[in-house]
Amino acid sequence: MTTVDERPAAEIGAPRKRKEDARLITGRTMWTDNLVLPGMLHIAILRSPMAHARITRVDTAPALSQPGVVAAFSGRDVADTQGTLPCAWTVTEDMVHPDRPPLAVDEVRHVGEPVAVVVARDAASAADALAAIDVDYEPLPVVMEMDEALGEGAALVHADKGTNKSYTWVYDSAEAGTGQPIDPAFAGAEVVLKRRYVQQRLIPAFMEPRSVVVDPTADQITVWSSTQVPHFVRIFLTLITGVPEHKIRVIAPDVGGGFGGKLAFTAEELLAFMTARRVGKPVKYTETRSESLAAAHHGRDMYQDVELAARRDGTLLGLRVRLIANMGAYLSLITPAIPLLGRYMYNGIYKLPAYRFECTGVFTNTTPTDAYRGAGRPEATYAIERAMDDLAAELDMDPIELRRRNWIGHGEFPFDTVAGLTYDSGNYEAATDKAMSLLGYDELRREQAARRSSGDPVQLGIGVSTYTEMCGLAPSRWLGSLGYAAGGWESASVRMLPTGKVEVLTGTSPHGQGHETAWSQIAADQLGVPFEDVEVLHGDTRTSHKGLDTYGSRSLAVGGIALVNACQKVVEKAKPIAAHLLECDVADLEFTGGRFRVRGAPSDAEGKGLADCAFAVFAAHDMPGGTEPTLDSEATYDPTDFSFPHGTHLCATEVDTETGQVTIRSYVAVDDVGKVINPLIVEGQVHGGVVQGIAQALFEEAVYDEEGNLLTGTFVDYTPPSSADLPDIVTDRTETPAPDHPLGVKGVGEAGTIASTPAVVNAIVDALRPYGVSDIRMPCTPERVWRAIQGGDRS
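Computed from a predicted structure; not experimentally measured.

**Quick notes on the overall build of the protein**
Summing up its helical and strand segments, the protein has 21 helices and 28 strands in all. Scaling as 2.2 N^0.38, a compact globule of 795 residues should have a C-alpha radius of gyration of about 28 Å, and the protein matches this with 28 Å. Taking the principal axes of its C-alpha atoms as reference, the protein extends roughly 85 × 75 × 50 Å. Counting across all 795 residues of the protein, residues that qualify as buried make up 61%. If you take every contact in the protein between residues at least 6 apart in sequence, the share linking residues at least 24 apart comes to 79%. Within the structure as shown, the protein displays about 28800 Å² of accessible surface, and the carbon and sulfur contribution to it stands at 50%. Of the side-chain charges in the protein, 71 are positive and 107 negative, and the distance between the mean point of each set is 1 Å.

**Regarding the pattern of salt bridges**
Note that side chains of opposite charge can pair when their charged atoms are close. Under the definition given, this model contains 56 salt bridges. As a salt-bridge pair, D136 and R57 come within 3.0 Å of each other at their nearest N and O atoms. Residue D136 is located in strand β6 (residues 134-139), and its partner R57 is located in strand β2 (residues 53-59); the two are separated by 79 residues in the primary sequence. Here R57 falls in the partly exposed class, since its relative accessible area comes to 32%. The shortest N-O distance in the salt bridge between R76 and D106 comes to 3.6 Å.

**Section: helix α11 (residues 377-395)**
Between its first and last C-alpha, α11 extends 27 Å over 19 residues, near the 27 Å set by a 1.5 Å rise per residue. Burial analysis of α11 places 17 of its 19 residues in the buried class, the great majority of the element.

**Some thoughts on the pairing of strand β11 (residues 248-251)**
Side chains I248 and V250 project from β11 onto one buried face, and the interleaved R249 and I251 project onto a second face that is buried too. Sheet topology note: the strand β10 (residues 221-225)/β11 ladder contains four bridges and is parallel. Bridging from a neighbouring strand, V223 pairs with V250 of β11. With helix α7 (residues 230-241) bridging β10 and the parallel β11, this β-α-β connection has right-handed handedness.

**Here's the deal with the environment of R320**
Along the chain, R320 falls in strand β14 (residues 316-328). The exposure class of R320 is partly exposed, given its relative accessible area of 22%. Between the C-alpha atoms of R320 and L391, which are 71 residues apart in sequence, the distance is 14 Å. When neighbours within four sequence positions are excluded, R320 is seen to be in contact with I182, D183, F186, D305, V306, E307 and R356. Separated by 2.9 Å, the side chains of R320 and D183 make a polar contact.

**Focus on the environment of D732**
Looking at the secondary structure, you find D732 in strand β28 (residues 729-733). Along the sequence, D732 and S48 sit 684 residues apart, while their C-alpha atoms lie 48 Å from each other. The contacts of D732, once residues within four sequence positions are left out, are K434, L438, A669, V670 and D671.

**Focus on the sheet that holds strand β7 (residues 165-172)**
If you walk across this open sheet you meet the five strands as β7-β15-β14-β13-β8, and the pairing is mixed. Every interior strand has two partners, whereas the edge strands, β7 and β8 (191-202), have only one. When strand polarity is set aside, the average angle formed by the axes of neighbouring strands in this sheet is 10°. By the bridge criterion, nine bridges tie strand β13 (residues 299-310) to β14 in an arrangement that is antiparallel. Paired with Y303 across the strands is I324, a residue of β14.

**Details of the nonpolar core**
If you look at the biggest cluster of nonpolar residues, it comprises 147 residues, and the most contacted ones within it are L308, Y346, F357, I764 and L768. The biggest single contributor to this core is α11, with nine residues. Residue contacts for F357: discarding those within four places in its chain leaves W169, V170, Y171, V321, L323, P339, L340, R343 and Y346. Ranked by size, the runner-up nonpolar core spans 44 residues in total, among them V502, I522, A523 and C613.

**Observations concerning the packing of α11 against helix α20 (residues 751-768)**
Any two packed helices are characterised by how steeply their axes cross, that is the angle between the axes, and by the distance between the axes. Where α11 contacts α20, the two axes come as close as 8 Å, and the packing angle between them is 30°. In this view, α11 runs roughly parallel relative to α20, as classed from their interaxial angle. For the element pair α11 and α20, the recorded crossing hand is right-handed. Facing R377, P378, T381, Y382, E385, R386 and D389 of α11, the residues of α20 in contact are T753, I754, T757, P758, V761, N762 and V765. Split by residue class, the contact of α11 with α20 holds six nonpolar, four polar and four charged.

**Concerning the pairing of β10**
Across the five residues that make up β10, a large majority, five, are buried. Residues of β10 alternate between two faces, with I221, V223 and S225 on one and T222 and W224 on the opposite face, all of them buried. Bridge analysis of strand β9 (residues 211-215) against β10 gives four bridges, and the strand direction is antiparallel. Directly across from V214, in β10, lies its bridge partner V223. Hairpin connection of β9 to β10: five residues between the antiparallel strands.

**As for the sheet that holds strand β24 (residues 608-609)**
Ordered by their spatial adjacency, three strands build an open sheet running β22-β23-β24, and the pairing between neighbours is antiparallel. Looking along the sheet, the strands with just one partner apiece sit at the ends: β22 (589-592) and β24. Here β22 runs beside strand β23 (residues 595-598); their pairing, made up of four bridges, is antiparallel. By the bridge assignment, E590 is partnered in β23 with R597. Strands in contact with helix α17 (residues 555-582) are β22, β23 and β24; relative to β23, the strand with the most contacts, it is inclined by about 50°.

**Looking at the side chain of K262**
Checked against the element boundaries, K262 lands in the loop between β11 and α8 (267-279). Engagement of the side chain of K262 in a polar contact is seen with the backbone oxygen of G257, the distance being 3.0 Å. Discounting residues that sit within four places of it in the chain, K262 has contacts with F206, E208, P209, R210, S226, T227, Q228, V229, V255, G256 and G257.

**Digging into helix α12 (residues 399-406)**
Given 3.6 residues to a turn, an α-helix orients residues that are three or four positions apart in the same direction. All of the buried residues along α12 are P399, I400, L402, R403 and N406. In a view along the axis of α12, the buried residues occupy a sector of 160°, so they form one face of it. Where α12 begins, the capping side chain belongs to D398, and its oxygen is found 2.8 Å from the backbone nitrogen of I400.

**Quick look at the packing of aromatic side chains**
Scanning all chains against the criterion turns up 16 aromatic pairs. For the ring pair Y197 and Y382, a centre distance of 6.0 Å and an interplane angle of 85° mean the geometry is edge-to-face. In this pair, Y197 is assigned in strand β8 and Y382 in helix α11, connecting sequence segments 185 residues apart. The two residues Y197 and Y382 agree in class, both being buried. Each member of the aromatic cluster is reached from another via a ring pair, and the members are Y344, Y423, W478, F642 and F644. Of note, R278 hangs over the ring of F73, and the distance from its end group to the ring centre comes to 4.5 Å. Taking the ring centre of Y344 as reference, the NZ or CZ of R343 above it sits at 3.5 Å.

Reading the values: rules and limits
- Residues numbered from 1 in each chain as written.
- Predicted model: local features only at pLDDT ≥ 70, side-chain atom pairs only at ≥ 80, totals over all residues.
- Heavy atoms only, no water.
- Helix = DSSP H or I, 4+ residues; strand = E, 2+ residues; numbered from the N terminus.
- Rg over C-alpha atoms; globule rule 2.2 N^0.38 Å.
- Buried < 20%, exposed > 50% of the residue type's maximum accessible area, 1.4 Å probe, protein only.
- Contact = heavy atoms within 4.5 Å.
- Areas by Shrake-Rupley, 256 points an atom, 1.4 Å probe, with all protein chains shown as cover.
- Lys, Arg positive; Asp, Glu negative; His and termini not counted.
- Charge placed at Lys NZ, Arg CZ, Asp CG, Glu CD.
- Salt bridge = Lys/Arg side-chain N within 4 Å of Asp/Glu carboxyl O.
- Expected span 1.5 Å × (residues − 1).
- Pairing = 2+ DSSP bridges.
- Right-handed = clockwise from strand over helix to strand, strands pointing away.
- Polar contact = N/O pair within 3.5 Å; in protein donor to acceptor, adjacent residues only side chain to side chain.
- Axes fitted to C-alpha atoms, helices over the stretch in contact; angles between N-to-C directions.
- Core = buried A, V, L, I, M, F, W, Y, C linked by side-chain atoms within 4.5 Å.
- Parallel < 35°, antiparallel > 145°, perpendicular 65-115°, else oblique.
- Left-handed = near helix turned anticlockwise from the far one by under 90°.
- Nonpolar A, V, L, I, M, F, W, Y, C, P; charged D, E, K, R; others polar.
- Arc of directions from axis to C-beta.
- Phe/Tyr/Trp six-rings, centres within 6.5 Å; stacked < 30°, edge-to-face > 60°.
- Lys NZ or Arg CZ within 6 Å of the ring centre and 35° of its normal.

Here it is as structure tokens:
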């Protein structure tokens, strides 16, 4: 039997510079908007200026007389053929799921909803002609606030549904058999903490605006889209339009970021597809930044009512969570499930005996929400980590000490949680100890005490966030049991070229994650070939026909293992070829360092490499009997469970009590993501994630006025931080391999975002507790911080 080399891997763990970067930073990229096809036309979309109104008339005829205009149409022109946009996750049997036509027909329900399309010979002419379209709107009542939307007599976003409630979903640990009854836990508590935390609405604000090009002129319609999910786009185009799947090719070329914001199947993709078929020529649509901020889906936006029961010694007894989550005006692809993904994580890393979770999804006259980096898990971590710091203050206990008394010990894994998951591995003690050392935790606490006693106007705060998360969004049977329409598997193929070079085809679809580099490292180690000899192909449904794409930190934990399995199949196929070339029995072979050798042969024996086998297969002149002349292999992997990275993030802030200005003095992130394929990529992912979490804590918020107008529709008002606004971030790792994964890997793409927001807010509140401040609504702008100080209870 062939044995696989057990020596340390040459590539896995190496800090390789990304293969992708040279192309990206020198401008040799292929963004969707760069595409220019012969005879290509351009689309502009007229969007509703009103949050809720009845459309009484749309006249597109004046637009047709504008220079360069080829076609114009409204929702009523395509009402019978345009279909409705999908929601792929039915979270309850009675979930209210309104139709969502890509072009509004009779009614608009949020500012930015598409109303009409203009097609012209150039983008400027198409945009200019929008002003010629005449639309009459009859205003309808607007509902913007979630509590108001659930109230009696509230204005209805969808009058035909008779309610603004989409669903209510409940999990009770006693009923599920995963914990004790919740009411006795609270009745017997010595301390009960009650808080309402607010997750403000955020906008993914990816660097590259969404863009789509459709070419209908060949037998197969080709779609280029700036998307995270090309395979999803193809299947939904087929299901909605009836065009056979094999007649549609979807390509995600270079994609300039997504953060969940390019996970949905969009109205713009469907409209471009419909328009191209309607005019019979290639068309392009690229949104403006203002369109992106107003109409691409938003994230977060929920109220979190949290109750934590405990003893005076800090022992946790029970947790109640009640969410009100804003769906926006419609359900996008996985909108209703986003807050529910967090329900598995509100218990965090703690040994809670009793748990009850309830979530109500609510319609309002706002842009629909959907996935944003972390998708439910940052919200859960924020709630439990803020509550733990607040409880520590209530008990006059160090917040890390409170956590130590309640977290799962490293010797207790695997651990069945009160939320119904089994955490496979972890070492929270090691990550926390390392983070405390890197931050200088004890020294900062002494400095904090000195500043407080001296009445320093600039107070020091220390924030703690100890987190875990579930990565992978699988297995398929779990997704199916919860009403999700798709699976959680992933696919990979390996093609061995005659000269020994390797092509890897992956069903994942990267948009900044570094798959071309990391997948090359995995294949190089598995096959014993040079890193430079591996080419990774992705994002094209013709090339990589089978896949479920990239989101939810699933790519390595699922797609990476599919690649490992495909590589191992290549080695297995090569065995009889190598044995035939070496004139030995297959059982006498060993495979080390990319070469087959006869077991017991001298260490300097040349043997036969995979390249020798690949060329022998290509020639096929002398094959062992019954052997298929190919080494190419494919594998599909469906995990048996999630993976569970974890870590400790610590933040030290200085807060000027006279101005409210917050300065992050130091930030330490110690993460455990299992076995690391490429530490440079991991550090980059953590840095980017931390920045987005800091952005929620300090800078970003999508704000509407009472009439439903987006007030933060440009980067003048919606303010992602720049590098000048951010601290140096110290990163480090502990390593606890995932026991059920062949490589021991977990996930890292969302870890920084999940951990950082509560670390920063906890630090700000910690600085201001002597001023009677126990919470500040995010983002913690200087004005909000100053007002909290003025209104604090110093008794």
